[in-house]
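Each chain, written out:
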Amino acid sequence: MLKKKMKLSNFIRRVIQVVFFFTLPALYTSAFSGVKYIFRQMGAGAVIENNSFLVTLIWLCLFTICFGRIFCGFACAFGTLGDAVYGVSSFLCKKMKRKPFHIPPAVSKWLRYIKYIILAFLVVVCFLGKDNLFAKESPWEVFSLIYAGHLNVQAYIPGILILIGILVGMFFQERFFCQYLCPMGAVFSLLPVLPIFFYSRSKAGCIRGCSACSKKCPMDLNLPYEDEDGSEATGECIRCGKCQVVCPRQNVCPNVVYMMNGEERSIE
């Protein structure tokens, strides 16, 4: 029963990801262009005017504040690409009967700070009006040009090499780009999120030594108990729902489910 539930959940999520990948692939780059535009205007002392990039950024930020990083888990083209590449890796490992390579969670926790460093660097560069100097090194710019079929290979060699490096990372580590390198993910993780959509679990309902939810998490998060500080999981969680689906006791849910049903966060 659990396997059927997992397959159905994965299928629904994959369908949503594919739909967004082929219909709205530029949401990620548009939103981050909005971030760069804001700091570019601030640095130049110019007025921040309404444009499509800014509107996309605002809507995605508002959506993230209300529901968490669902965009990252279901609609981001880069996230979908990463899931596809890691899916190939997992398939090959099964065929070869080898365990997939995995960065230890303790190391992964520290590597997450790289994306904040990247975000800070890009913010400073945009504020100084020097972001055009790094356009050819931008992997998401290269990705957008490849998708549109307008890539000038010779002009974007640095960005192509960086993108290839990211793809290699995606092959060996699930959600590699999202966890460690994504500046837009850093922006989303810094936003406040309504607590009703936090995922948590009841300590009384857990099977001793199980930890299936944490092991299955693509972002290497340790799911908090209902009485613990869930700040780590709040900002980094991409709301993919894998922790909820894999739980053998159905002990993992967003807080809103329990609030709607008037239930306590414990299972007898």
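Here is a short report on the structure shown in this document. Keep in mind the model is a prediction, meaning the values are calculated, not measured. (Residues numbered from 1 in each chain as written. Predicted model: local features only at pLDDT ≥ 70, side-chain atom pairs only at ≥ 80, totals over all residues. Heavy atoms only, no water.)

**As for empty space enclosed by the protein**
Just so we agree on the cut-off: Put simply, the grid is 1 Å and covers the protein atoms alone, a cavity is a trapped set of points that fit a 1.4 Å probe, a pocket is an open set with protein on both sides within 12 Å along at least five of seven lines, and lining residues have an atom within 4 Å of a point. Grid points are joined across faces, edges and corners, and a volume is the space filled by probe spheres set on the points. Residues were grouped as follows: Ala, Val, Leu, Ile, Met, Phe, Trp, Tyr, Cys and Pro as nonpolar; Asp, Glu, Lys and Arg as charged; and all remaining residues, including Gly, as polar. In this text, helices come from DSSP runs of H or I with a minimum length of four residues, and strands from runs of E with a minimum of two, each type numbered from the N-terminal end.
All told, the structure shown has three cavities of 30 Å³ or more when counted by the stated rule. One number sums up the size of the largest cavity: a volume of about 150 Å³. When grouped by side-chain class, the residues that make up the lining of the largest cavity number 12 nonpolar, two polar and two charged. Estimated volume of the second largest cavity: approximately 70 Å³. Every residue lining the second largest cavity is listed: Met6, Ser9, Asn10, Arg13, Lys216, Cys240, Gly241, Lys242, Val245 and Val246. Those elements that provide at least two residues to the lining of the second largest cavity are α1 (2–23) and α14 (242–246). Sorting elements by how many residues they give to the lining of the second largest cavity places α1 first, with four residues. When the residues that make up the lining of the second largest cavity are grouped by side-chain class, the tally is four nonpolar, three polar and three charged.

**A short note on the layout of surface pockets**
Taken as a whole, the largest pocket holds about 750 Å³ of empty space. Lining of the largest pocket is provided by 23 residues; of these, Tyr86, Ser90, Lys94, Glu174 and Lys216 occupy positions nearest its centre. Mapped by element, the contributors of at least two residues to the lining of the largest pocket are α1, α5 (77–96) and α12 (212–216). Of the residues assigned to the lining of the largest pocket, the class counts are eight nonpolar, four polar and 11 charged. Its boundaries defined by the atoms lining it, the second largest pocket holds a volume of some 520 Å³. Lining of the second largest pocket is provided by 25 residues; of these, Leu122, Phe134, Ser138, Pro139 and Trp140 occupy positions nearest its centre. Looking at the lining of the second largest pocket, the elements that each hand over two or more residues are α2 (27–44), α7 (114–127), α8 (139–148) and α9 (157–172). Its residues placed into classes, the lining of the second largest pocket shows 15 nonpolar, six polar and four charged.

Function cannot be inferred from these measures alone, as they are strictly geometric.
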